[in-house]
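Here is what each chain is made of, one letter per residue.
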Amino acid sequence: MSTLSPVNPDPAANAGPAAGPDTPPQRPRPLSRANLVQTIAGGYVPLLLATLVVVLPLLWMVLSSLKQPGEIVTTDLKILPESVNLDNYRVAMTTVPFAQFFVNSLIVTTVGSTVKVILAILTAYALVFVRFPFKNAIFIIILVALMVPPQVSILPNYILIAGLGGKNTLWGIILPGLGTAFGTFLLRQHFLTLPGSILEAAEIDGAGHWRRLWQVVVPVSGPSIATVALVTVVSEWNDYIWPLIITDRPETMTLPVGLTLLQNSEGNGSGWGILMAGAVLVIVPILLVFAALQRYIVAGLTQGSVTG
């Protein structure tokens, strides 16, 4: 006769394993009060504050460019203009040689950014894929250059460029800033994440360093290179201190430096609207470029961060 095993009356013994100290806590429900408070306080509020810090000065600049002089210099705060006035833009473009400033900025930005990006690509490739002595020491020097403020090199650069006859020339504006430690560092870190099998296969096929660089490395590094190019274009277009120091003639000034002529053209408060209009004309082109290509910044900075 078979005997039946006794049934344990304790329900806890038939239950699954109890939650131990190593069991992760359960996440709150998405619409729970605690989760909503954390999301708003830790996410939306800081994001809103950061957006206001960036957007409000730009919005005030645009609104001021549409106001009459009496609406800007007044004790009564007027946020919106009484009527849309485009005379400030007309005066800003006719008072100074604005077209010449734009052409100068376009040349400086295009040539300077192109050379900077190419040098960054070549330098980063050499630091990763070419064997030569003192490679790590050179990379440390590049990191040091990345940490040194650019204002430290203004006086040596001025003495050098002025001695070479580069004062009031476009090449004098471009030459001192051709090296980019940021671009070299970013591309080097990205090149280190590339699988070595790709370059080994290209080397077996007889490809030298030049072909491996432009036919293998550059095509798969598009987002990182675009990030370096975009940051370089923005910095070149907005550069103010060095062009201001090395140029004092309107025919060689860039757009940021040309705004100083607008400020000097009107000695009273009526010049603020004109100056704001000129600032809008300077910022709008680079904002359009940044808005069109900003997605490459996120892709380039995060490329290679996830493996597996």
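Residues numbered from 1 in each chain as written. Predicted model: local features only at pLDDT ≥ 70, side-chain atom pairs only at ≥ 80, totals over all residues. Heavy atoms only, no water.

**Some points on the packing of helix α5 (residues 98-129) against helix α12 (residues 222-238)**
Heads up, the condition is: Think of each axis as a best-fit line through the C-alpha atoms, taken over the contacting stretch in the case of a helix, with angles from 0 to 180 degrees between the N-to-C directions. Each helix is a run of H or I in the DSSP string that is no shorter than four residues. Each strand is a run of E no shorter than two, and both are numbered from the N terminus. A clockwise turn of the near helix away from the far one marks a right-handed crossing, whereas an anticlockwise turn of less than a right angle marks a left-handed crossing. Contacts are assigned to residue pairs with any non-hydrogen atoms lying within 4.5 Å of each other. Just so you know the grouping, Ala, Val, Leu, Ile, Met, Phe, Trp, Tyr, Cys and Pro go in nonpolar, Asp, Glu, Lys and Arg go in charged, and all remaining residues, Gly too, go in polar.
Packing of α5 against α12 brings their axes to within 9 Å, and their N-to-C directions diverge by 145°. The two elements α5 and α12 meet at a crossing, and its hand is right-handed. Two secondary-structure elements touch here, α5 through Phe102, Ser105, Leu106, Val108, Thr109, Gly112, Ser113, Lys116, Val117 and Ile121 and α12 through Ile225, Val228, Ala229, Thr232, Val233, Glu236 and Trp237. Considered class by class, the residues forming the contact of α5 with α12 number 10 nonpolar, five polar and two charged.

**Notes on empty space enclosed by the protein**
To keep it simple, the criterion reads: A cavity here means a set of points on a 1 Å grid, drawn over the protein atoms and nothing else, where a 1.4 Å probe fits but cannot get out; a pocket is an open set with protein on both sides within 12 Å along at least five of seven lines, and a residue lines either one if it has an atom within 4 Å of a point. Grid points are joined across faces, edges and corners, and a volume is the space filled by probe spheres set on the points.
By the definition in use, this model includes one cavity of 30 Å³ or more. Roughly 40 Å³ of internal volume is contained in the largest cavity. Lining of the largest cavity is provided by Leu194, Pro195, Ile198, Leu199, Val216, Val217 and Val220. Top contributing element to the lining of the largest cavity by residue count: helix α11 (residues 209-220), with three residues. Classifying every residue of the lining of the largest cavity by side-chain character gives seven nonpolar, no polar and no charged.

**What to know about the layout of surface pockets**
By volume, the largest pocket amounts to about 940 Å³. Contributing to the lining of the largest pocket are 31 residues, with Lys116, Pro150, Pro176, Gly177 and Gly179 lying nearest its centre. Elements with a contribution of two residues or more to the lining of the largest pocket: α5, α6 (135-147), α7 (154-163), α8 (170-174), α9 (181-191), α12 and α13 (241-246). Sort the elements by how many residues they give to the lining of the largest pocket and α12 lands first, with five residues.

**As for the nonpolar core**
Selection rule: By convention a nonpolar core is built from buried Ala, Val, Leu, Ile, Met, Phe, Trp, Tyr and Cys residues, the set being connected through side-chain atoms within 4.5 Å. Relative accessibility decides the category of a residue: with a 1.4 Å probe and only protein chains considered, values under 20% of the type maximum give buried, values over 50% give exposed, and everything between is partly exposed.
Residues Leu255, Leu259 and Leu262 are the most contacted members of the largest nonpolar core, which totals 20 residues. Contributing elements (two or more residues each) for this core: α4 (87-95), α5, α14 (255-265) and α15 (271-302). With seven residues, the top contributor of residues to this core is α15. With sequence-adjacent residues up to four places away left out, Leu262 is seen in contact with Ala92, Thr95, Val96, Ile274, Leu275 and Gly278. Core analysis: the second largest hydrophobic core is formed by 19 residues, Leu187, Ala207, Val216 and Val218 among them.

**Here's the deal with the pattern of salt bridges**
Which entries qualify depends on this criterion: A side-chain nitrogen of Lys or Arg and a carboxyl oxygen of Asp or Glu constitute a salt bridge if their distance falls within 4 Å.
Taken as a whole and assessed by the stated rule, the structure comprises three salt bridges. Measuring nitrogen to oxygen at the nearest pair gives 2.9 Å for the salt bridge that ties Glu236 to Lys116. In this pair, Glu236 sits in helix α12 while Lys116 sits in helix α5, placing the two residues 120 residues apart along the sequence. Like Lys116, Glu236 is buried. As a salt-bridge pair, Glu203 and Arg212 come within 3.8 Å of each other at their nearest N and O atoms. By relative accessible area, Arg212 is classed as buried at 11%.

**Observations regarding the packing of aromatic side chains**
We apply this condition: Working definition: a ring pair exists when centres of Phe, Tyr or Trp rings (six-membered ring for Trp) sit within 6.5 Å. Plane angles under 30 degrees give stacked, over 60 give edge-to-face, the rest tilted. A ring is scored as having a charge over it whenever the NZ atom of a lysine or the CZ atom of an arginine sits within 6 Å of its centre and within 35 degrees of its normal.
Applying the stated rule across the entire model yields five aromatic pairs. Centroid distance Tyr125 to Phe129: 5.0 Å. Interplanar angle 45°. Geometry classified as tilted. Taken together, the residues Tyr125 and Phe129, both in helix α5 and four residues apart, mark about one turn of the helix. Taking 5.7 Å as the distance between ring centres and 65° as the angle between the ring planes, the aromatic pair formed by Trp210 and Trp214 counts as edge-to-face. Residue Trp210 and its partner Trp214 are located together in helix α11, separated by four residues, close to a single helical turn. According to the relative accessible area criterion, Trp210 is exposed, its value standing at 60%. Through successive ring pairs, a cluster of aromatic residues spans Tyr125, Phe129 and Phe191. Between the NZ or CZ atom of Lys67 and the centre of the ring of Trp60, over which it lies, the distance is 4.3 Å. Positioned above the aromatic ring of Phe139, the side-chain terminus of Arg188 is 3.7 Å from the ring centre.

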